[in-house]
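Examining the three-dimensional arrangement
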Amino acid sequence: MRWLEGAPDRYDAGLRAITLGRVAALHQAVAEAAAAQPGARVLEIGCGTGAVTQRLLARGARVTALDQSPEMLQRARARLGEAAQRVDWLERTAAEIDALPEQAFDAVAISLALSEMSSGERRFVLRQALRLLVPGGRLAVADEVRPRGARGVLFRLLRAPQALLGWLLAGVISHPVADLAGEVREAGFRVSAERRWLAGSLQLVVAQREEDREAR
Amino acid sequence: MSLAARLREAALEGLQTAFRLAPWPTEPGLRAVGRPDELSPVVVTGNYALTVRRVRRALRGVDAWLVVAPSAGINVWCAAAGGHLGTSQVVSALKTSGVEQRVRHRRAVLPQLCATGVQAREVSRRCGWRTRFGPVYADDLPAYLASGGEKTEAMRRVRFGVRERLEMAASWGAPCSLVVGGLAWLVRPGFVAPLVGLSLALPLLVFTLYDRLPAARRTTFTALAVLGAGALTWAAGGGTAALLSAAGAAGALSWLLTFDYAGSTPVEGGSHFEERAWHVALDLERCQGVYSCWEVCPEACFEKPTAPAGGRPEDRRIRIAHADRCVRCGACIVQCPMDALAFEREDGRRIEPEAIRRYKLNLLGKRSVDAGASSA
């Protein structure tokens, strides 16, 4: 199937089509939540073509960006130009973050990557994210979610052609997460803020690793 | 299984076979087959629903752990070649599926056809699992496992026999007849039955006869299909409208079905003429007799030397004995630890193993440009 093979070329266009252009606001919100103060050490899981990476850098963060696809990383580097040298690029799958040292980051950002993972992978990655954060560290996850109630029905109707378009353009099949905040809580985080876009179908969840009480 | 469950399984199998060109994702993760324990074998496959069901069925009577790796809901061979089932996906599945908490060993059997995308040695380096490429077909898994990993030539080779041909015909016939039948129903409901018949008959002809046609076969086949459909309509007493729609549908369907014939079948050497100009070249100086190529080649193009092992290094070198059968999947190049294999062209251009590994089968043409094919 030819159109799947050149996916990274069309990834950004596909994403814009799926989200009716709202993806830029989402990227910005993730970067703002993750890079709360200049100099913050941020791990970005699934950096894709580097849209969030670029915004994190612009906010003065020290970024480690991870993606399993060499083609995506190449495109992210190209997007950032000179600034790409300031990023630690890791060509790995999200499941390999267990090799990174404990409490090495002030924030973890995951934008539109969780919905491409299986539920087992999501559980694993969120637990690991907790381990990688310093106490008080922040998690910013954004993704496609399934809205509830009447909106949910509307969402399903709207989503069918969008999903098809995304599949044709970007070769990406994503599965909206049913309960993003719930999965974040289940991994041991305290959720501090939630935001939604596009009739509630895009969601940002900001959460904290709580301060270790025993350590005080 | 209850009768209802059996019926449901049979219906799903039929539906997914008929529409197997579409992705049919199933949740990746761990499945227990039979009653496996901490010493049972671990078998890996992609998350294509049809394959997962067939692997489970093939493993009936065997106690094993089945790790379903994410492959975008696409079958193993296409997913591996298209970059959807690679080393990362296998590493991720082994680490996150929970299989590490269930077994004491770290050995897994991979489907042979994922060898174009998954580097067995990289899997081991990145997560500690030792992997081997098992048989091409799930049906051979029980014999393979029982023998402790002995792979016969039949287990290593891709087949395109009556069953595979009929399956491909069905998987093209179903969507074609839906589209053509749907269009006919909108315009002239009376034409639905004959046009659906045509949409089922043409794929059957393509997947049984096309590879046996001589040169200029695309034009030949299309012309014959148009003439044949026209003649049948005329013999049945159809009017001008019927004649035109039959001939038009036959032409359009023939064009479509023969367009990516090589991509739908394992009998041709690459999808495009551009690809067929490349061949696998062996650098004998580098070959150390590891035989990964021999293990993963789906057309058994390689032959091991007959001399006893342990002799001089040059006696252990592999030989490309059947280059004519090569389908240019690149699996041998991807797996060779000595980088002794590469794609080469008559004009001296070359694509190095590292480029093949990174860019998978992103069309040889595109890959040769993007990945910087070097000129000798």
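A brief structural summary. (Residues numbered from 1 in each chain as written. Chains lettered and ligands numbered in written order. Predicted model: local features only at pLDDT ≥ 70, side-chain atom pairs only at ≥ 80, totals over all residues. Heavy atoms only, no water.)

Our next topic: the sheet that holds strand β1 (residues 41-45) of chain A. Residue and element names in this part refer to chain A. Pairing in this open sheet of 7 strands is mixed, and the strands run β3-β2-β1-β4-β5-β7-β6 from one edge to the other. Both outer strands of the open sheet, β3 (88-91) and β6 (190-197), are each paired with one neighbouring strand and no more. Adjacent strand axes in the sheet meet at a mean angle of 15°, parallel and antiparallel pairs treated alike. Pairing analysis gives 7 bridges linking strand β5 (residues 133-144) to strand β7 (residues 202-208), with the strands arranged antiparallel. Bridge assignment links Ala 140 to a residue of β7, and that residue is Val 206. The strands touched by helix α3 (residues 23-34) within the sheet are β1, β4 (105-111), β5, β6 and β7, with β5 carrying the most contacts at an inclination of about 175°. Along the sheet, helix α6 (residues 119-132) contacts β1, β4 and β5; its crossing angle with β5, the most-contacted strand, is approximately 150°. (Pairing = 2+ DSSP bridges. Helix = DSSP H or I, 4+ residues; strand = E, 2+ residues; numbered from the N terminus. Axes fitted to C-alpha atoms, helices over the stretch in contact; angles between N-to-C directions. Contact = heavy atoms within 4.5 Å.)

Residues and elements named next belong to chain B. Strand order across the open sheet formed by 5 strands is β1-β3-β2-β4-β5, with mixed pairing between neighbours. Looking along the sheet, the strands with just one partner apiece sit at the ends: β1 (29-33) and β5 (130-133). Each adjacent strand pair in this sheet contributes to an overall mean axis angle of 30°, direction not counted. As judged from the 2 bridges shared by strand β2 (residues 42-46) and strand β4 (residues 107-110), these two strands associate in the parallel manner. Pairing of Val 43 across the sheet is with Val 109, part of β4.

With that settled, the discussion passes to the pattern of salt bridges. Close approach of charged atoms allows side chains with opposite charge to pair. Residues and elements named next belong to chain B. In total, this model carries 28 salt bridges over all chains according to the counting rule given. Between Glu 122 and Arg 125 there is a salt bridge; the shortest N-O distance is 3.0 Å. Placement of the pair is Glu 122 and Arg 125 together in helix α6 (residues 120-127), with a separation of 3 residues, close to one helical turn. Residue classification places Glu 122 among the partly exposed residues on the basis of a relative accessible area of 23%. Here Glu 299 ties to Arg 157 by a salt bridge, and the two come within 3.9 Å at their closest N and O atoms. Remark: Arg 157 occurs in the loop between α8 (153-156) and α9 (162-187) and Glu 299 occurs in the loop between α15 (292-296) and β7 (302-303); sequence separation between them is 142 residues. Taking the relative accessible area as the measure of exposure, Glu 299 reaches 8% and is therefore buried. (Salt bridge = Lys/Arg side-chain N within 4 Å of Asp/Glu carboxyl O. Buried < 20%, exposed > 50% of the residue type's maximum accessible area, 1.4 Å probe, protein only.)

Geometric descriptors of this kind do not, in isolation, establish any biological role.
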